[in-house]
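The chain contents come next:
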Amino acid sequence: MSPPCHTSALLLVFVALAVVGAEQSEERSCDVVGDESSESQMERALLKKLEPLSHMRFNVTVDKGKTEDYIYHFRVCREVNSTSHDFGGLVQTDRQSGKTTVIGRINETQVFNGSDWIMLIYKGGDSYGRHCSGEKRRAVIMISCKRGVTASSFSIISEEREKEQECFYLFEMDSSVACPAENSHLSVGSILLITFVSLIAVYIIGGFLYQRLIVGAKGMEQIPHFAFWQDLGNLVADGCDFVCRSKPRNAPAAYRGVGDDQLGEESEERDDHLLPM
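Residues numbered from 1 in each chain as written. Predicted model: local features only at pLDDT ≥ 70, side-chain atom pairs only at ≥ 80, totals over all residues. Heavy atoms only, no water.

Under the annotation held in an unreviewed UniProt entry, the protein chain carries the name Cation-dependent mannose-6-phosphate receptor and is attributed to Rhodinocichla rosea.

Structure follows, in C-alpha cells:
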C-alpha cells in the first residue's frame, strides 16, 4: 500500500472511532411507549420536568438473609450502565453472585402525574423465570412532592410477583420536581395597591430629582408640581361646594339673621300724645 493510501486509511479509522465515541458519550433518554408522533404534550412536559434528576444516581439495598440480597440501581431517564447499551433504567444486582437483572428499560417508558406526584414506569425488563407466567419485569417509581429537596428517600416498597400477569416492582422517592407551581398569595387588590404605591414613589423621587438637578429648584419648590399640591385643598373645597350644594348660589337665604340689619328702621309712630300735658 502506497503512503498516501495508508494515510487515508488511518484518517478514515480515526474518523470512525471519533463518531463511535461521540455516539457512546451521548446518553440515551426516556422514550415513551408508542410512536414519537403519538406522544402527548403532557408526557413531553413531564419528561422535561424530570430532567434535573437525570444526572443523579440512586441506590437501595435489600438484605433479607440468604433469600434476598440485592442492590437496586436507578436513574431517571438515563441508562444505569451506558456502556452495556441495554437501555436499563433500573437494574437489580445480586450481591452474592454478582448477576445483574434489568427491571425496566427507558426505551419503554410511561409517565403520568397527579396534583403532587409523578409516576414513572419502566417496562420491558428481563423476563421472570417461574413467576408471573414468565412475562417481562416492570418498575414503577412513585415520585412524591417534597419542596426544597431535589431528590431523596429512594426506597423499594414491594415486589408484586404472585400474580399471573401485570407483576411489578414498586419504588418511591421524594423530589421537588413533582410539586405543583406555587400560586401567588397576593389578591388583585394587593397587586393594584403595590402598583399604585410604586408609581407614586417613582413620581415623587423622579420629580424631586428633576426639580433639583434640571430646574435648579430649592426648598419646598423641589416637590414636583408644588403649586398644584399647594392649592389642592382649595380646589377640593371648591369641588365639594359645587357638588354638595343643591340650590343656586345667588338664591336668598331661607333663614333670617339676628344682626342689626334685620331690625329695620324705627317706626315713625310716636306715643307722645298719650303723655299728660
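Let us keep going from here.
Visitor: Please clarify how the UniProt feature "transmembrane region" (unreviewed entry) in the protein chain should be interpreted in this entry.
Guide: Here, UniProt's "transmembrane region" (unreviewed entry) annotation points to residues 186-210. Between the end C-alpha atoms of residues 186-210 there is a gap of 34 Å, over a span that is 92% helix and 0% strand. (UniProt positions renumbered as here; feature names shortened; annotations may be inferred. Helix = DSSP H or I, 4+ residues; strand = E, 2+ residues; numbered from the N terminus.)

Visitor: I tried to follow the packing of aromatic side chains on my own but got confused; where do I start?
Guide: Each aromatic ring pair is summarised here by two numbers: the centre-to-centre distance and the angle between the ring planes. Within the structure shown, the criterion is met by 11 aromatic pairs. Measuring from centroid to centroid gives 6.0 Å for Phe-58 and Phe-154, while their planes differ by 45°, and the two rings are tilted. With Phe-58 in strand 1 (residues 57-64) and Phe-154 in strand 7 (residues 152-160), this pair connects stretches of sequence that are 96 residues apart. In terms of burial, Phe-58 and Phe-154 fall into one category: buried. For the ring pair Tyr-70 and Tyr-72, a centre distance of 6.3 Å and an interplane angle of 70° mean the geometry is edge-to-face. With respect to class, Tyr-70 is no different from Tyr-72; both count as buried. (Phe/Tyr/Trp six-rings, centres within 6.5 Å; stacked < 30°, edge-to-face > 60°. Buried < 20%, exposed > 50% of the residue type's maximum accessible area, 1.4 Å probe, protein only.)

Visitor: How should the pairing of strand 8 (residues 168-175) be read in this particular structure?
Guide: Bridging between strand 6 (residues 139-145) and strand 8 involves 7 bridges; their strand directions are parallel. Its bridge partner being in strand 8, Ile-141 is matched across the sheet by Phe-171. For strand 7 and strand 8, the ladder comprises 6 bridges, and the chain directions are antiparallel. Note on strand 8: the bridge partner recorded for Ser-158 is Leu-170. (Pairing = 2+ DSSP bridges.)

Visitor: Teacher, can you tell me more about the side chain of Gln-211 here?
Guide: If you trace the backbone, Gln-211 turns up in helix 3 (residues 188-215). Leave out the neighbours within four places in its chain, and Gln-211 touches Gly-216, Ala-217, Glu-221, Gln-222, Ile-223 and Pro-224. (Contact = heavy atoms within 4.5 Å.)

Visitor: Whenever I open this one, the state of the cysteines confuses me. Can you help?
Guide: Each disulfide consists of one covalent bond between the sulfur atoms belonging to two cysteines. For the coordinates displayed, the defined rule picks out 3 disulfides. The disulfide partner of Cys-30 is Cys-77, and the gap between their sulfur atoms is 2.1 Å. On the sign convention where negative means left-handed, the S-S torsion of about -100° between Cys-30 and Cys-77 marks this disulfide as left-handed. Here the residue Cys-30 occupies a position in the loop between helix 1 (3-25) and helix 2 (41-49), and Cys-77 occupies one in the loop between strand 2 (68-75) and strand 3 (88-94), the gap between them amounting to 47 residues. Across this residue pair, the class does not change: Cys-30 and Cys-77 are buried. A sulfur-sulfur distance of 2.0 Å marks the disulfide that ties Cys-145 to Cys-179. Between Cys-145 and Cys-179, the S-S dihedral sits near 95°, and the bridge is therefore right-handed. Placement of Cys-145 in strand 6 and of Cys-179 in the loop between strand 8 and helix 3 is noted, with a sequence separation of 34 residues between them. (Disulfide = S-S within 2.5 Å.)

Visitor: How should the nonpolar core be read in this particular structure?
Guide: If you look at the biggest cluster of nonpolar residues, it comprises 34 residues, and the most contacted ones within it are Leu-50, Tyr-72, Phe-74, Leu-90, Tyr-122 and Ile-141. Of all the elements in the fold, those that place two or more residues in this core are helix 2, strand 1, strand 2, strand 4 (100-113), strand 5 (117-124), strand 6 and strand 8. When neighbours within four sequence positions are excluded, Leu-50 is seen to be in contact with Val-76, Val-111, Ile-118, Leu-120, Ile-143 and Val-177. (Core = buried A, V, L, I, M, F, W, Y, C linked by side-chain atoms within 4.5 Å.)

Visitor: Explain the sheet that holds strand 2 here, please?
Guide: Two pairing modes exist for strands in a sheet, parallel and antiparallel, and in both the strands are linked by backbone hydrogen bonds. Across the sheet, which stays open at both edges, the 8 strands sit in the order 1-2-3-4-5-6-8-7 with mixed pairing between neighbours. The sheet is open, and its two edges are formed by strand 1 and strand 7, each paired on a single side. Each adjacent strand pair in this sheet contributes to an overall mean axis angle of 25°, direction not counted. Of the pairings in the sheet, the one linking strand 5 to strand 6 comprises 6 bridges and is antiparallel in character. Across the sheet, residue Ile-121 finds its bridge partner in strand 6, namely Val-140. Where helix 2 meets the sheet, its contacts fall on strand 4 and strand 5, and the angle it forms with strand 4 comes to roughly 120°. (Axes fitted to C-alpha atoms, helices over the stretch in contact; angles between N-to-C directions.)

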